[in-house]
Each structure stands twice: as structure tokens, then as C-alpha cells.
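# Coordinate inspection notes
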Amino acid sequence: RDIGVTGVQTCALPISIGVARRGPQQKADVANLFAIHLVRSPAFKLFHRHIGERFRDGDVTAYASNAELIARFTASEGRPPSDGELLNLSLRVYDEIAADPMSLVSTMIRQHDAMAEMLNRFHLQVIALAEDDLPGFVIGDTPVVHALLDDGRYGFRDHLALGDANFIIGPLTRTTAACFTVRPLSPVLVRTRKKLDAINAIFLRAALEE
């Protein structure tokens, strides 16, 4: 079943994805779902704002001394810009663009497509609970985790790009999770609370608040 662009059909995953069903279509579905969660997460929005502020402080201010823009301003206004005028104009235009909600939406759409394509190049590994009495996987406010475990960096919160992560995992349901790996790995059946706690610890470390 197609996940759909809204990512709300997660309930269909236990039927179509499991340790015995993890082919190309399932991998593509999970890649799409993970990409949706990544761009909708609070951490992504904070990261987007951080990138915007850095661009404003660095790149936008450089326009104030751009020879082509100075020439265009002079041709338009019939005079050269006064001190700080072109800088103020550049910052005002940028702030208007950044304040438009569609600016974030456009970034989310573009990044979703790039992330889904990147994830689909990897292999899908399915992780499932083997025992019914285990409490299940944690689903936090940043459900899909991309991390650089050796450095203790978790996702966009720590300014980690998806392509720089060495571990990508997310829960599909309370009893099923998925990883994307560089090489093919067999499915994993979680049989002990200790193993489940180790996986859930990763989800907990990636969460912002909940």
C-alpha cells in the first residue's frame, strides 16, 4: 500500500512490511515515510532557521558590496547607494522572503525528495519484536533518527546532515522498526528487554522534548 505524501497511513505498514517482506517497494515506502518524518520534525525546522540566520549574517551582507547590484541600483535610482542603503535593502528583502511560510514549505518539499532518493540507495533492514510482552519501540517527537554515534551527534538538532550520519533508524509501529544500511543485513528479532532498551535509548537521545 502506498504510504502517501501525508505520511498518515503508518497503520498499513505491519501488513506490507516485515521480516519476511522487505523488497524494493517496501524499501521505497519506508524511505518516503522516513523523509516525511525528517522534514516535519521540530529539529528540522530549527535547523532550517539556523541555516537561514547563518546565510543572513554572512551571504546576504555580502550583497551590499556586490558591484553588479550597485550598478543596477545606480541605473534604477539615478544615483549610487548611500552608506548602508544597499545592505538594509538586501536584509529587508531577505527577511520578507524568510517570513513567508512557503519558504519553509518549499525547503521541506525539496529536502524530502532528496532524502527519499538518498535513503533508497541504501539497504533496508527490518527490526521486529519477537516477544509480545515487550513494551515496544519509543516514538518520540523526532521519530526517525540519523546519528553519528561515535561523536554523539543526533540529527538536525546537532546540525548533522543526513549524508554525514552512520546510523539511520526509525520505528514504523510499536513492534516494528527499520534501519537503512550500507550493506545488506539480515532482519533482527528483538527477544530481550535489554536489547529493546538499547534501541529505545537511541530514540530517546534524538528527541527534543517528548
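In case you missed it, the structure is sitting above this.
Residues numbered from 1 in each chain as written. Predicted model: local features only at pLDDT ≥ 70, side-chain atom pairs only at ≥ 80, totals over all residues. Heavy atoms only, no water.

Of note in this structure, His159 is not a glycine but carries a positive phi near 55 degrees. Relative to the assigned elements, His159 resides in the loop between strand 3 (153–154) and strand 4 (167–171). Relative accessible area serves as the criterion here: at 40%, His159 is assigned to the partly exposed category. (Helix = DSSP H or I, 4+ residues; strand = E, 2+ residues; numbered from the N terminus. Buried < 20%, exposed > 50% of the residue type's maximum accessible area, 1.4 Å probe, protein only.)

Next up on the list: the pairing of strand 4. For strand 4, a buried count of 4 out of 5 residues is recorded, marking the element as mostly surrounded by other parts of the structure. In this sheet, strand 4 lies alongside strand 2 (residues 145–148) in antiparallel orientation, the contact comprising 3 bridges. Paired with Val145 across the bridge in strand 4 is Ile169. By the bridge criterion, 4 bridges tie strand 4 to strand 5 (residues 176–181) in an arrangement that is antiparallel. Residue pairing for strand 5: Ile169 is matched across the bridge by Cys179. Between the antiparallel neighbours strand 4 and strand 5 lie 4 residues. (Pairing = 2+ DSSP bridges.)

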